[in-house]
There are 2 protein chains.
Amino acid sequence: MYFQMLGQFKKHLGQLDKWLEAAARFAEAKKFDSAVWLGTRLAPDQFPFSRQVQAVCDTAKLTASRLTGKEAPKNEDNEKTIEELRARIASTLAYLDTFSAADFEQAAKREITQPRWEGKKMTGANYFLEHAVPNFYFHITTAYAILRSNGVDVGKRDFLGPLTFEAT
Amino acid sequence: MYFQMLGQFKKHLGQLDKWLEAAARFAEAKKFDSAVWLGTRLAPDQFPFSRQVQAVCDTAKLTASRLTGKEAPKNEDNEKTIEELRARIASTLAYLDTFSAADFEQAAKREITQPRWEGKKMTGANYFLEHAVPNFYFHITTAYAILRSNGVDVGKRDFLGPLTFEAT
């Protein structure tokens, strides 16, 4: 399940990249600087679009890293343009491509912690179910909502991406 | 994993119920009819708050129903107040409580379809990963975003709910 969900995260990151393309085209058509998107928010005290995209990427990166015990590459979180956000997605996808199903064999029982938890720990299984998956979807849906609420032509199918139907 | 995710869905439905309480209190403090929330949207051509909450409930209900082959109760989708939406959540939780882990033994290989797919089918495993989980999180995050963007005091912890930390 862990490795399968990683594949699902990769599909969603590919979809997110397409929304960024659509956001850039929208800016071009409306003649505004596409970098405006990076500071756009749903609420004045919520993270802006750039931070939502960074959080999607980091959640995917850290889910893989923490559940396998492998060190994750650092990111500076200094993206200033849509192109730089797309490069962040590409580098996240390249990192996720380095994992195999076998890397996750001990995932469920691994002890996971992070600075914000002040020494507290979750099992890998609980971290995955209660923290990693909800956070990934929270940030990618919020990124989608920022574009959607501002007129970019994205819909539910763009959110889900292609589905695997059975051969008939 | 299927049954564990159902438990996670239940936790999120409990959190959603708390946001509805907060939305009702917000309306009372600001002296507007709390039923206004049900028609509130992020975009004029996206489903309103009421439909997002119904979709969260239906996705949880249908995930359990389809993956176990049990018939799901019908819903009229005619909720007109916050209290009625809260009752919808309560009835969904009561339905989810009728399932046990054993009910999901054949889930991965079950053939899943729905009217919108025009005869196409997904395996239970793919339906769960590619459709059920993303849809559940899409709609609950959108419901959250509608309240959050309109000033209701909910934050990321309210989204995640309590986490299962290890005993130290």
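You'll find the structure just up there.
All of these numbers come straight from a predicted model, not from anything done at the bench. (Residues numbered from 1 in each chain as written. Chains lettered and ligands numbered in written order. Predicted model: local features only at pLDDT ≥ 70, side-chain atom pairs only at ≥ 80, totals over all residues.)

A. Fine view of the overall build of chain A. A count of helical and extended segments in chain A gives five helices and two strands. Shown N-terminal to C-terminal, the secondary structure of chain A runs as helices and strands in the order α-α-α-β-β-α-α. The C-alpha radius of gyration computed for chain A amounts to 17 Å, which stays within 12% of the reference 15 Å derived for 168 residues, consistent with globular compactness. Counting only C-alpha atoms, chain A reaches 50 × 50 × 25 Å along its principal axes. Out of the 168 residues belonging to chain A, those deemed buried represent 38%. Across chain A, contacts joining residues at least 24 apart in sequence account for 72% of those joining residues at least 6 apart. (Helix = DSSP H or I, 4+ residues; strand = E, 2+ residues; numbered from the N terminus. Rg over C-alpha atoms; globule rule 2.2 N^0.38 Å. Buried ≥ 20, exposed ≤ 12 C-beta atoms within 10 Å, placed from the backbone. Contact = placed C-beta atoms within 7 Å.)

B. How the structure looks around the relation of the copies chain A and chain B. The two copies are related by a screw operation: chain A maps onto chain B through 180° of rotation and 0.0 Å of translation along the axis, at an RMSD of 0.0 Å. With respect to symmetry, the two chain copies, as superposed, fit the operation of a two-fold axis. A share of 100% of the interface residues of chain A reappears at the interface of chain B, consistent with the copies meeting face to face through the same patch. (Least-squares fit on C-alpha atoms with pLDDT ≥ 70 in both.)

C. Focus on the interface of chain A and chain B. Tallying the contact residues gives 29 residues for chain A and 29 residues for chain B. At the level of elements, helix H1 (2-30), strand S2 (122-123), helix H4 (124-149) and helix H5 (156-160) of chain A are the ones that each hand at least two residues to the side of chain A that touches chain B. Sorting elements by how many residues they give to the side of chain A that touches chain B places H4(A) first, with twelve residues. Here the residues of the side of chain A that touches chain B sort into 14 nonpolar, ten polar and five charged. (Nonpolar A, V, L, I, M, F, W, Y, C, P; charged D, E, K, R; others polar.)

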